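Listed below are the residues making up each chain.
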Amino acid sequence: MIYSKIIGTGSYLPAKVLTNYDLEKIVDTSHDWIFSRSGIVERHFAADNELTSDLALQASLKAIEAAGIDANEIDLVIVATTSPDMSFPGTACVLQGKLGIKNGGPAFDIQAVCGGFIYALNTADMYIRGGQAKTVLVVGAEVLSRMLDWNDRTTCVLFGDGAGAIILRASATPGIVAAKLHADGSHRDMLKADPFISMDGKSVFKFAVKVLSDVVEEILDEKNLSGADIDWLVPHQANIRIIEATAKKLGMDMAKVVVTVDRHGNTSAASIPLALDTAVRDGRIKPGQNILFEAVGGGFTWGAVLIRW
Ligand code: UT7
């Protein structure tokens, strides 16, 4: 049996930080409103000359270093992003070029918005288990700051930029042990970017709490596990109240949930690998633990991945 194991993680946040107090000077809002509704305190914004692939490159270099591999061992590059450098070529191809990977392995983007990293991880796992790839670079990278409508205070205060990366490798031991993906396009207008992000926040909130509770239950049921068996929940970081609702559903104490929404805001496809890298590097996530990822995003897309670390 072939499994996919995460052997290295990395992340990158642009240098520029905007606190809620900085936003008070730009839009009609307040720190208290943003913090009480979302849990966000600050977010990072890319510099004018920084592209999604630049953020992805920095995160990838750290993941490659942590994994102790040479970039040319990577035989598949997947970038989950909803804010690509340009319409084409795909950001994964740009990243492959910037990393100097010359082995001719495939490289493509996945566009599933905030669910993107879960979709990309599942896709990479399929390639490995199907024998078509051995060492995969999976990245979530976003420059959402360029998609914000500064006249819409209900959305512009919620998002940030950043990138997270993992190296996934074929292994005889687990690994990714389960994945569940879903989509429902009938709600496509509830959260979209055309070209700026717009959202029916209340409806998205209700939908998110419902489907995340359902999908974590679905994945745990399949493996005959309960919330008590999970060492760390690493959720998509959109809103602390959504994260708390999912943890409650799992019967998990918030002390076992990795939270970075306060410092990163909502970084869409980048949020899980950013949170993961934080908890790996500060020593919370350790070998042998059960780690659960979950996310929901525009589309809607949603899903969960269960990992034996
Ligand atoms: O990545 C996945 C997708 N995204 C999400 O998961 C986000 C889901 N939704 C949410 O997180 C929340 O719905 C929000 C944080 C967006 C909003 O929280 P809420 O508790 O649903 O607030 P609300 O939309 O009911 O707004 C309440 C009030 C309104 O004023 P009135 O009509 O009650 O007088 C808004 O006009 O807050 C006002 N408001 C603001 N006030 C200060 C809206 N935006 C702001 C703002 N600053 N930025």
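Residues numbered from 1 in each chain as written. Predicted model: local features only at pLDDT ≥ 70, side-chain atom pairs only at ≥ 80, totals over all residues. Heavy atoms only, no water.

> Could you clarify how one ought to interpret the sheet that holds strand β6 (residues 135-143) in this entry?
In sheet architecture, strand pairing relies on hydrogen bonds along the backbone and comes in two forms, parallel and antiparallel. Here we have five strands laid out as an open sheet, ordered β1-β7-β6-β4-β5, and mixed in their pairing. Here the strands that pair on one side only, and so sit at the sheet edges, are β1 (3-12) and β5 (107-110). Strand-to-strand, the axes of this sheet are offset by a mean angle of 20°, without reference to chain direction. Strand direction decides the pairing type here: β1 and strand β7 (residues 161-171), joined by nine bridges, are antiparallel. Residue pairing across strands places S4 opposite A170, the latter belonging to β7. (Pairing = 2+ DSSP bridges. Helix = DSSP H or I, 4+ residues; strand = E, 2+ residues; numbered from the N terminus. Axes fitted to C-alpha atoms, helices over the stretch in contact; angles between N-to-C directions.)

> Would you mind showing me how to read a positive patch on the surface here?
Together, R37, K202, K206 and R241 line one region of the surface with positive charge. Note that R37 resides in helix α2 (residues 31-38). (Patch = residues over 30% accessible without salt bridge, like charges linked within 9 Å, V, L, I, M, F, W, Y side chains within 5 Å. Areas by Shrake-Rupley, 256 points an atom, 1.4 Å probe, with all protein chains shown as cover. Salt bridge = Lys/Arg side-chain N within 4 Å of Asp/Glu carboxyl O. Lys, Arg positive; Asp, Glu negative; His and termini not counted. Charge placed at Lys NZ, Arg CZ, Asp CG, Glu CD.)

> Honestly, unusual backbone geometry in this entry has me stumped. Any pointers?
Excluding glycine, a negative phi dihedral is what most residues carry, and trans is how most peptide bonds are arranged. Between F88 and P89 the backbone carries a cis peptide bond, its omega angle lying at 0°. The topology assignment puts P89 in the loop between β4 (76-80) and α4 (91-98). Note the cis peptide between P174 and G175, where omega equals -10°. Of note, the phi angle at N224 is positive, near 55°, even though the residue is not glycine. Inspection of the secondary structure puts N224 in the loop between α7 (201-222) and β11 (232-235). A residue is classified by how much of its surface remains accessible, and N224, at 72% relative accessible area, is exposed. Non-glycine residue S268 carries a positive phi angle of around 50°. Within the element layout of this structure, S268 appears in the loop between α9 (261-264) and α10 (271-281). (Buried < 20%, exposed > 50% of the residue type's maximum accessible area, 1.4 Å probe, protein only.)

> How do you make sense of the nonpolar core when you look at a structure like this?
The nonpolar side chains of soluble globular proteins are, as a tendency, buried together. With 42 residues, the main nonpolar core has L292, V296 and F300 as its most contacted residues. Only α7, α8 (240-250), β12 (290-297) and β13 (301-308) provide two or more residues apiece to this core. Take this core: its biggest share by element is nine residues, from α7. A domain-level breakdown of this core finds at least three residues from each of domain 1 (3-171) and domain 2 (176-308). Not counting residues up to four positions away in its chain, the partners in contact with V296 are C114, G115, F207, A208, V211, L212, H236, T301 and W302. Within the second largest apolar cluster, 34 residues are counted, among which are F117, F293, I307 and W309. (Core = buried A, V, L, I, M, F, W, Y, C linked by side-chain atoms within 4.5 Å. Domains from an automatic or database assignment. Contact = heavy atoms within 4.5 Å.)

> Honestly, the domain arrangement of the protein chain in this entry has me stumped. Any pointers?
Along its sequence, the protein chain is organised into domain 1 (3-171) and domain 2 (176-308). Relative placement of domain 1 and domain 2: their C-alpha centres are 16 Å apart. If you look at the interface, domain 1 gives 54 residues, while domain 2 gives 46 residues. Across the domain 1/domain 2 interface, buried area totals approximately 3,700 Å², and carbon plus sulfur atoms make up 65% of it. A per-residue breakdown of the area domain 1 buries against domain 2 is headed by C114, I118 and Y119, which together make up 18% of the total. Applying the counting rule to domain 1 against domain 2 returns zero salt bridges. Across the contact surface, domain 1 and domain 2 share 18 residue pairs in polar contact (both at pLDDT 80 or more). If you list the elements that add at least two residues to the side of domain 1 that touches domain 2, you get β1, α2, β3 (42-45), α3 (52-67), α5 (116-129), β6 and β7. A total of eight residues in the side of domain 1 that touches domain 2 trace back to one element, the largest contributor, which is β1. (Buried area = accessible area lost by both parts, 1.4 Å probe. Polar contact = N/O pair within 3.5 Å; in protein donor to acceptor, adjacent residues only side chain to side chain.)

> Explain the pairing of β5 to me, please; I cannot follow it from the model alone.
Walk down a regular strand and you will see the side chains alternate between the two sheet faces. Bridge count between β4 and β5: four bridges; the pairing is parallel. Along β5, the bridge assignment pairs V79 with D109. Each parallel crossover has a hand, and for β4 linked through α4 to β5 it is right-handed. (Right-handed = clockwise from strand over helix to strand, strands pointing away.)

> Just checking my understanding: could you explain the side chain of T82 for this structure?
The residue T82 is located in the loop between β4 and α4 in this model. A polar contact is formed between the side chain of T82 and the side chain of Q111, at a distance of 3.0 Å.

> Is there a simple way to explain the sheet that holds β13 in this structure?
With mixed pairing, four strands are arranged side by side in an open sheet as β8-β13-β12-β11. Sheet topology places β8 (176-183) and β11 at the edges, where each strand pairs with a single neighbour. Each adjacent strand pair in this sheet contributes to an overall mean axis angle of 10°, direction not counted. Across eight bridges, the pairing between β12 and β13 is antiparallel. By the bridge assignment for β13, G297 is matched with T301. In the packing of α5 onto the sheet, contacts are made with β8, β12 and β13, and the angle to β8 comes to roughly 130°.

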